[in-house]
2 protein chains.
Amino acid sequence: MSEYVTIDDIKAAASVLHGVVVHTPLLPFQGDELGNLVYFKPECLQKTGSFKIRGAYNKVNSLSVEQRQRGVITYSSGNHAQGVACAAHLLGCPAIVVMPAKTAQVKIDGTRSWGAEVVFVGDSSEERRLKAEQLAAEYSYAIVPPFDDPYIIAGQGTIGLEVCADLAEFDAIVVPIGGGGLISGIATAVKSLRPDVRVIGVEPEGAADAYHSRQAGHIVEWAKVETIADGLRTQRIGDWNWRQMQKYVDDIVTVSEDEIRAAMRLLARRAHLVAEPSGSVATAAIMGGKAGLRGKRVIAVISGGNADPAFLAEVIVG
Amino acid sequence: MSEYVTIDDIKAAASVLHGVVVHTPLLPFQGDELGNLVYFKPECLQKTGSFKIRGAYNKVNSLSVEQRQRGVITYSSGNHAQGVACAAHLLGCPAIVVMPAKTAQVKIDGTRSWGAEVVFVGDSSEERRLKAEQLAAEYSYAIVPPFDDPYIIAGQGTIGLEVCADLAEFDAIVVPIGGGGLISGIATAVKSLRPDVRVIGVEPEGAADAYHSRQAGHIVEWAKVETIADGLRTQRIGDWNWRQMQKYVDDIVTVSEDEIRAAMRLLARRAHLVAEPSGSVATAAIMGGKAGLRGKRVIAVISGGNADPAFLAEVIVG
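The shown structure was predicted, so the numbers you read here are calculated from the model rather than taken from an experiment.

Caption draft 1: Layout of the overall build of chain A. Counting its secondary structure elements, chain A contains 13 helices and 10 strands. Its C-alpha atoms give chain A a radius of gyration of 18 Å, near enough to 20 Å, the size a compact globule of 318 residues would have. With respect to the principal axes defined by its C-alpha atoms, chain A has extents near 55 × 40 × 40 Å. Per-residue burial for chain A yields a buried fraction of 59% across its 318 residues.

Pasting the structure below:
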């Protein structure tokens, strides 16, 4: 691939993913909470409960047969771990996932259920990455990074192809930002096919490093991030992601923790979708009328649904 | 229409509903709880939160322009009320809904949000029906019955067309039974297109009048029904429905209240779908290995998602 991920890379990824991932529907939502013309793109209904399978499968599929036989490794406590484990399982490839010792049992079980081996290290993401790199060097595993990779970006971008195929006209698409894998892929696809559509990124106020980076004009790393949206606790967006975002993303907005809870409640009560906090931020931005989105024909990407059951129940009762 | 609803009636309904209802996806589910080959058909993601809009729209659309100008009336406290209200709104037709005085405020609000007028009477379904018939006679409204009607059946049957179009091979489809509108339509479509697929109906043990009717060989009415699945509290299936079911349904099974709760919990936690109790019974039947369904390629129809939030939260924590 060249220095930029292109629409052709994303179309190639779509061919790879055809019949493997769920082509999630666009669900129209009518309600005063959001104005009249919102569509949900529910990746919480995707295999493994999030969009992560798209990029992971596209990446593992890109490896040589020999490399796949040796195996892949990744570092993640969350949805990327399950995405990689599932992709490796489907492609008949051993997978190792480095997780923090304190990971919730449900996430460990979810990853192991796809046959992946789980290795535990300390709590910092730096420790995990170093451990994965050490094991990769020792056993010749291929690393499947969570976001800063052109194949990962192209895989996530297939969501943009799907929405453009499914909806003739819309004004904007709103996308959560963690490390930037999801939005860099979607923005590339949507802006290439529909230059007039606005692409808006959303971060929690407590992890707004991409928002801050955009203001600064260069990547800014946050030493500390704090939010209930555990999938968006990335301290720094990736280099590949930054390049694509600078080219294709129109705006980045932030939402509060209360706005995230309210969106999660609306999705469960009114749209009958279980979204995790990270998956609820795009809806929160529209509810809050951020970036002039109110009353427009807007697509909200619900990135995942792997919420803790006790927290979900608490939020639903509200 | 003739004495039976046919596949052609259902195809005609599909043309009417094209672009109006959501073509809900088939969501593959992998998990030990259900065996390996289950697909959910999530009508909880349908407009108005249940399948009812399909039949209601097809019925209202079949009326003459003069009739539509006078208006439609129905009797329901649940999903059919919202389905009729939405269908009438979309077709520019006044709608009146007769509801029991004790109806939950959220259902009243949902119905009114589509511009329907709500009339309250006492608690018995008989009273509601009589009131609707009296108002229909007085003001020349057309009655939109909840299930015992060929246009309603043909509309619900479009779900069967969709699953046959979306999935090349499957062994069985499992469908909730209240008054029989949903299963009679789906069974007609699926058996006409795929004679080898088994069609299995599911009722709560506390409202198993269709199961009882099947054993008896004629329609049996239950004087009292009791179940958390409020959408399936019908005391007697309809005549049109009975005829179609005798011709096309292979088996009827029952599930306990605990099995319904466990299915609702699984759907929210693992499939990220909010199903109401009535919408969870097909999944419950598969989890319980009823009718030899375990390990087969089975479609579970999730009929609706309009669950009470407090009850939903209680079940999720379980």
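After that view, the rundown keeps rolling.
Caption draft 2: How the structure looks around the interface of chain B and chain A. Taken together, the 19 residues of chain B in the interface contact 19 residues of chain A. Mapped by element, the contributors of at least two residues to the side of chain B that touches chain A are helix 11 (257-270) and helix 13 (309-317) of chain B. Broken down by element, the residue count for the side of chain B that touches chain A peaks at six residues, all from helix 13 of chain B.

Caption draft 3: Examining the nonpolar core more closely. Formed by 219 residues in total, the largest nonpolar core has its most connected members in Ile173(A), Val174(A), Ala285(A), Ile173(B), Val174(B) and Ala285(B). Apart from residues lying up to four places away in sequence, Ile173(A) is in contact with Val163(A), Ile186(A), Val190(A), Val197(A), Val199(A), Ile299(A) and Val301(A).

Caption draft 4: Main features of the sheet that holds strand 4 (residues 95-100) of chain B. All names here are of chain B. In spatial order, the strands read 5-4-3-6; together these four strands make up an open sheet with parallel pairing. In this open sheet, the two edge strands, each paired with only one partner strand, are strand 5 (117-121) and strand 6 (142-143). Pairing geometry for strand 3 (residues 72-75) and strand 4, over four bridges, is parallel. Its bridge partner being in strand 4, Thr 74 is matched across the sheet by Val 97. Against the sheet, helix 4 (residues 79-90) touches strand 3 and strand 4, its axis set at about 165° to strand 4.

Caption draft 5: Structural context of the environment of Val21(A). All names here are of chain A. Positionally, Val 21 belongs in the loop between helix 1 (7-17) and strand 1 (27-31). For Val 21, a count of 24 C-beta atoms within 10 Å puts it in the buried group. Through-space distance from the C-alpha of Val 21 to that of Tyr 57 is 9.1 Å; in sequence the pair is 36 residues apart. The residues touching Val 21, leaving out its near neighbours within four places in the chain, are Gln 46, Lys 47, Ile 53 and Arg 54.

Caption draft 6: A look at the sheet that holds strand 6 (residues 142-143) of chain A. Residues and elements named next belong to chain A. The strand order across the open sheet built from four strands is 5-4-3-6, with neighbouring strands paired in parallel fashion. Since the sheet does not close on itself, it has two edges, and those belong to strand 5 (117-121) and strand 6, each with one partner. Docked against the sheet, helix 4 (residues 79-90) engages strand 3 (72-75) and strand 4 (95-100), running at close to 165° with respect to strand 4. Across the face of the sheet, helix 6 (residues 125-139) comes into contact with strand 3, strand 4, strand 5 and strand 6 while running at roughly 165° to strand 3.

Caption draft 7: Representation of the relation of the copies chain B and chain A in the model. Mapping chain B onto chain A leaves a residual RMSD of 0.0 Å; the transformation is a rotation of 180° accompanied by 0.0 Å of translation along its axis. Expressed as a symmetry operation, the mapping of one chain copy onto the other fits a two-fold axis. Of the C-alpha atoms belonging to chain B, the one lying closest to the rotation axis is found on Ala313(B), 2.1 Å away.

About the thresholds
Residues numbered from 1 in each chain as written. Chains lettered and ligands numbered in written order. Predicted model: local features only at pLDDT ≥ 70, side-chain atom pairs only at ≥ 80, totals over all residues. Helix = DSSP H or I, 4+ residues; strand = E, 2+ residues; numbered from the N terminus. Rg over C-alpha atoms; globule rule 2.2 N^0.38 Å. Buried ≥ 20, exposed ≤ 12 C-beta atoms within 10 Å, placed from the backbone. Contact = placed C-beta atoms within 7 Å. Core = buried A, V, L, I, M, F, W, Y, C linked by C-beta atoms within 7 Å. Pairing = 2+ DSSP bridges. Axes fitted to C-alpha atoms, helices over the stretch in contact; angles between N-to-C directions. Least-squares fit on C-alpha atoms with pLDDT ≥ 70 in both.

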